[in-house]
Structure formats: structure tokens, C-alpha cells
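Coordinate analysis (summary)
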Amino acid sequence: MLIAQITDIHVGFDRGNADEHNLRRLRAVLNRLNDGPDRPDLLLLTGDLTEYGDRESYALLQEALQDCAYPVWPAAGNHDMRSALIEAFPQVPAQDGFVQYVLDYPAISIIVIDTLEEGRHGGAFCEVRADWLEKALAPRADRPCIIVMHHPPFESGIAWLDSGAEEPWIQRFATTVAGHDQVVAILSGHLHRPISTVWNGIALTVAGSTAPLAALDLTAIDITRPDGRAMISNEPPVLTLHRWDGRRLISHMEGVEGAQILARYDEKFLPVVQLIDRERRER
Ligand SMILES: [Fe+2]
């Protein structure tokens, strides 16, 4: 099973411009996905779909997604507005007003949770949402589950983006997930960089954004004195493909645009493929 993930699209950053930079970056990733060799079973959009949560931007997003020949499922990020997002994605079975739902596939269950608190940059996860997650996990103890959320529950080391690993919402999320060993992975966005870690024993992947990326700088930051460091960079927009092989999730990230193909599978390359295949079969 192949799960595509795109995150932090931020449509409408240049409001009213239907050919804005962020839309062009999104289209490049969608073209790569739709014209490329790997057809996903579904596409997850893990939040910050728009910059300001306005209807016009969700409409532009839907227009860009119209050639996707597979289901597209959204999560809410801190830049989104739930009412407009739910309106744009009527297939979302919202729970108690939150963008939380389960996709049960034969091989795996995908549980999308809502970490948005409108008006706040950081995450949130209240008792209502935690109670819903508990009820989603309990009957699925015997099948692998992936949790999908916008805000990752850890500190990345990019100081200006981190909101604190000890925040109450993270504690509540950790308590809710604890003991549910069927959770094989957490997929998130928010940090605008591809990052992987293990959180409380669970593999956690932060997908890189399609909007411009957060510059990689892990040094401490002085919040009273700007030091001229790089903050946002125009690295290529990122496509993430997660392959579930029945035992584990393997996550691939590609920076779309700008790459030159240096070798193709032709007669010259054939011996390399044959050598690797021979080694595999001789073991
Ligand atoms: Fe974002």
C-alpha cells in the first residue's frame, strides 16, 4: 500500500494571485505524483492547506487537486479554518466539530486527528479529542494503525519553530496513545522540513513542505536580537511517499524540481541491476 503525503501548502500566501509561488510549487509536486511511476492509494494533506483559512484559497486548492485520480484526505493545521476546510472537503466525517476521522483499509487503519486551536501557532489536543482518539484506538488493537496530525509532539531543535515538548496537549496525546502498541507510525507536518525521529517508541515522520522550507539551523536563538540567520529557504517542494509492506512503514522523501537524471535503466545500467539481483538470489 502506498500513502502519499503533501503538507504545509499555504495556498493564498499571495492572496488573490491564482498563479502564486505556493500554488506553482504545489502543482509541481502534484504533476510529479500524477505523471510519475508510483500511483498512491491515497493522498494525505497534513495541514496548513491555506495561509489564511479563506474559502477562495480552499477553492484554488481544490482546483489544483482536480486531476488526482485517488482519494485525497485532509488534516487541519494552525493556518486552517475548520469551517472552510470542512466545506471544501465534504467527504470528511467531522467529529464534534473537529477534523478527526478514521480510514479503515484492509491492511491498515489511518487515524487523522485535529491539533488545531484557531488563532494559535502551536498545537492543541483537548479532552474531547483525546476521548475520541481513545475510542478510535480501542477497537483496533489487532490491526496496525497510523496516526496523522499536523503538529508533531516533539522539539525538533529548530528553536524558533519549537513550542515545547512538555506542553499539556502533548502530555494528553502521549497518555492517550500509551499502551496502544498497534500504532506503527505518526505522520505530521508543521515544521516545513523533512525530519524523522522515534517518539515514545513510535516511528515519527515530519514531511517537508510544498511551501518554502524552514532553513536548517539548530543553534540557539536569541529572541531579543535578530542575528541575520537564514529562516526560510527556497529549497525544492517535497513529496513524501510512505510504503506499507505489511510489517513496517518505509518513508521516502523527494525534493521535486531541479533534479537532473544522471542515469537511466538502459543497456549501460543493466549490469548494476543484474549484479544486485544476483547477490539477492544467492543469499
Ligand atoms: Fe506551515
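Higher on the page you've got the structure.
Keep in mind that this is a model prediction, so the values were computed, not measured.

Structural notes on the overall build of the chain
For the chain, the count of helices and strands is six helices and 13 strands. The C-alpha atoms of the chain give a radius of gyration of 20 Å, which matches the 19 Å a tight globule of 283 residues would have. Within the chain, buried positions represent 35% of all 283 residues. Sequence-distant contacts, at least 24 apart, represent 68% of the contacts inside the chain between residues at least 6 apart.

A closer look at the sheet that holds strand β1 (residues 2–6)
A sheet is described by the order of its strands in space; here five strands give the open sequence β3-β2-β1-β12-β13, paired in mixed fashion. At either margin of the open sheet sits one strand with a lone partner, and together these are β3 (72–75) and β13 (249–255). Taken pair by pair, the neighbouring strands of this sheet meet at an average axis angle of 25°, ignoring direction.

Section: the nonpolar core
Formed by 58 residues in total, the largest nonpolar core has its most connected members in Ile-9, Ile-111, Val-112, Ile-146, Ile-147 and Val-148. Top element by residues in this core is helix α1 (residues 21–35). It accounts for five residues. Not counting residues within four places of it along the chain, the set of residues in contact with Ile-147 comprises Ile-111, Ile-113, Val-183 and Ile-186.

Focus on the sheet that holds strand β9 (residues 202–206)
If you walk across this open sheet you meet the six strands as β4-β5-β6-β7-β9-β8, and the pairing is mixed. Two strands bound the open sheet, and with one partner strand each, they are β4 (101–104) and β8 (195–199). Shown here is a sheet whose adjacent strand axes are inclined to one another by a mean of 20°, direction ignored. For β8 and β9, the ladder comprises five bridges, and the chain directions are antiparallel. Residue pairing in the sheet places Trp-199 in a bridge with Ile-202 of β9.

Comments concerning helix α4 (residues 127–137)
Listed as buried for α4 are Arg-129, Trp-132, Leu-133, Ala-136 and Leu-137. Considered in projection along α4, the buried side chains sweep an arc of 130° and stay on one side of the axis. Facing away from the buried side of α4, by more than 90 degrees, are the exposed residues Glu-127, Asp-131 and Lys-135. Those residues of α4 that are buried are in contact with β4, β5 (109–112), β6 (145–148) and α5 (168–177).

Details of unusual backbone geometry
Most peptide bonds take the trans form, and the phi angle of most residues other than glycine is negative. If you check the backbone angles, Asp-8 has positive phi at about 50° while not being a glycine. As for its placement among the helices and strands, Asp-8 is situated in the loop between β1 and α1. In this structure Asp-8 comes out as buried when scored by C-beta crowding, with 29 C-beta atoms within 10 Å. Backbone geometry places Glu-257, a non-glycine residue, at a positive phi of 90°. Looking at where Glu-257 falls in the secondary structure, it is placed in the loop between β13 and α6 (270–282). What makes Glu-257 partly exposed here is the crowd of 14 C-beta atoms within 10 Å.

Observations regarding α5
Think of an α-helix as 3.6 residues a turn; residues three or four steps apart then line up on the same face. Of the residues making up α5, those classed as buried are Trp-169, Ile-170, Phe-173, Thr-176 and Val-177. Within α5, the buried residues cover an arc of 125° as seen down the axis, which keeps them to one side. The exposed residues of α5 that point more than 90 degrees off its buried face are Pro-168 and Thr-175. Residues of α5 that are buried make contact with α4 and β7 (183–188).

Overview of the environment of Leu-241
Considering the arrangement of structural elements, one finds Leu-241 in strand β12 (residues 238–244). Spatially, the C-alpha atoms of Leu-241 and Ile-6 are 9.0 Å apart, while their sequence positions differ by 235 residues. Every residue in contact with Leu-241, bar those within four places of it in the chain, is listed here: Leu-2, Ala-4, Asp-38, Pro-40 and His-252.

Observations concerning the pairing of strand β2 (residues 42–46)
Strand direction decides the pairing type here: β1 and β2, joined by four bridges, are parallel. Its bridge partner lying in β2, Gln-5 is registered against Leu-44. As for the winding sense of the linkage, the β-α-β connection from β2 through helix α2 (residues 55–65) to β3 is right-handed.

Reading the values: rules and limits
- Residues numbered from 1 in each chain as written.
- Predicted model: local features only at pLDDT ≥ 70, side-chain atom pairs only at ≥ 80, totals over all residues.
- Helix = DSSP H or I, 4+ residues; strand = E, 2+ residues; numbered from the N terminus.
- Rg over C-alpha atoms; globule rule 2.2 N^0.38 Å.
- Buried ≥ 20, exposed ≤ 12 C-beta atoms within 10 Å, placed from the backbone.
- Contact = placed C-beta atoms within 7 Å.
- Pairing = 2+ DSSP bridges.
- Axes fitted to C-alpha atoms, helices over the stretch in contact; angles between N-to-C directions.
- Core = buried A, V, L, I, M, F, W, Y, C linked by C-beta atoms within 7 Å.
- Arc of directions from axis to C-beta.
- Right-handed = clockwise from strand over helix to strand, strands pointing away.

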